[in-house]
Amino acid sequence: LFINDRGGEMRCHTIMSKVIGEGSDITIYDDPHDAAEAASEKKRSAVLSRYDNVLSNRVVDPRRYVFLGIMQRLHEADWAGHVVAQGGWVHLVIPLLYEPPAKRFCKCSSCEAGSPIGWVDPRDVEGANLLVERYDDAFIAGEQAKGAFYFACQYQQRPAPDEGGMVRKAWLRLQDAD
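Only a predicted model underlies this, so the values are computations on that prediction, with no experimental measurement involved.

*Asks:* Go over helix H1 (residues 41-55), please, and point to the residues and values.
*Replies:* Between its terminal C-alpha atoms H1 stretches 20 Å, which fits the 21 Å expected from 15 residues at 1.5 Å a residue. All of the buried residues in H1 are Arg44, Val47, Leu48, Arg50, Tyr51, Val54 and Leu55. In this structure, the buried residues of H1 make contact with strand S3 (26-30), strand S4 (66-70) and helix H2 (79-86).

Right under this line is the structure:
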């Protein structure tokens, strides 16, 4: 618990914590899934159920509140995918390596035309690194070597690799039916 000198306070809980009687004006969901458990449908479903049935209505004033989610994408049916499908959320996707709109996993309007908060990706060259000062080419290559799913989730914010998981797009060829 943190209390400031102006009557505000901040509390931190895990997504599965007791929150009976508590409400907020601003709720931040930071990595609601444990990355090691995200492949488990049972664990993902528990987080989604907890959000839907307990947490989504814990607000002081239902006419004026803010929910914010910050997370890496871990699965197509993760918390981010779940709440975006429900509607009413702005889905801001910022991949480490730039993806032009036509190649993006996320096709929402906030990613296509900039976000309602005013953020527009300054890059326009496919593969351009967002954080050159933090991640050099050698680091990125090392992370990509850990696997396509890992890199796609952790750095590209897509729950499935662009090139496919088990079957790569490059392996497929179009043939005439003649």
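*Asks:* Quick rundown of the layout of surface pockets? Include the residues and the values.
*Replies:* There is about 970 Å³ of room inside the largest pocket. What lines the largest pocket is a set of 37 residues, among which Leu68, Gly69, Ile70, Met71 and Leu92 lie closest to the centre. Those elements that provide at least two residues to the lining of the largest pocket are S4 and H2. In terms of residue count, the dominant contributor to the lining of the largest pocket is S4 (five residues). Here the residues of the lining of the largest pocket sort into 24 nonpolar, ten polar and three charged. Put simply, the second largest pocket is a space of about 760 Å³. What lines the second largest pocket is a set of 23 residues, and nearest its centre among them are Arg11, Cys12, His13, Thr27 and Ile28. Of all elements in the fold, only strand S2 (9-10) and S3 reach the threshold of two or more residues within the lining of the second largest pocket. Here the residues of the lining of the second largest pocket sort into nine nonpolar, eight polar and six charged.

*Asks:* Can you break down the nonpolar core residue by residue, with the values?
*Replies:* Core analysis: the biggest nonpolar cluster contains 14 residues, and Ile15, Tyr29, Tyr51, Leu55, Phe67 and Trp79 have the highest contact counts within it. Elements with a minimum of two residues in this core: H1 and H2. Here this core takes five residues from H1, the largest share from any one element. Beyond its immediate chain neighbours, meaning those up to four positions away, Tyr51 contacts Tyr29, Ser56, Phe67, Trp79, His82, Val83, Gln86 and Trp89. Formed by six residues, the second largest nonpolar core is a distinct cluster that contains Leu97, Tyr135, Ile140 and Phe151.

*Asks:* Account for the pairing of S3, with residues named and values stated.
*Replies:* The side-chain alternation of S3 yields one buried face, formed by Thr27 and Tyr29, and one unburied face, formed by Ile26, Ile28 and Asp30. Pairing between S3 and S4: five bridges, direction parallel. Bridged to Thr27 within S4 is Phe67.

What counts, and where the lines are drawn
- Residues numbered from 1 in each chain as written.
- Predicted model: local features only at pLDDT ≥ 70, side-chain atom pairs only at ≥ 80, totals over all residues.
- Heavy atoms only, no water.
- Helix = DSSP H or I, 4+ residues; strand = E, 2+ residues; numbered from the N terminus.
- Expected span 1.5 Å × (residues − 1).
- Buried < 20%, exposed > 50% of the residue type's maximum accessible area, 1.4 Å probe, protein only.
- Contact = heavy atoms within 4.5 Å.
- 1 Å grid on protein atoms, 1.4 Å probe; cavity = no way out; pocket = protein on both sides within 12 Å on 5 of 7 lines; lining within 4 Å.
- Points joined across faces, edges and corners; volume = space filled by probe spheres on them.
- Nonpolar A, V, L, I, M, F, W, Y, C, P; charged D, E, K, R; others polar.
- Core = buried A, V, L, I, M, F, W, Y, C linked by side-chain atoms within 4.5 Å.
- Pairing = 2+ DSSP bridges.

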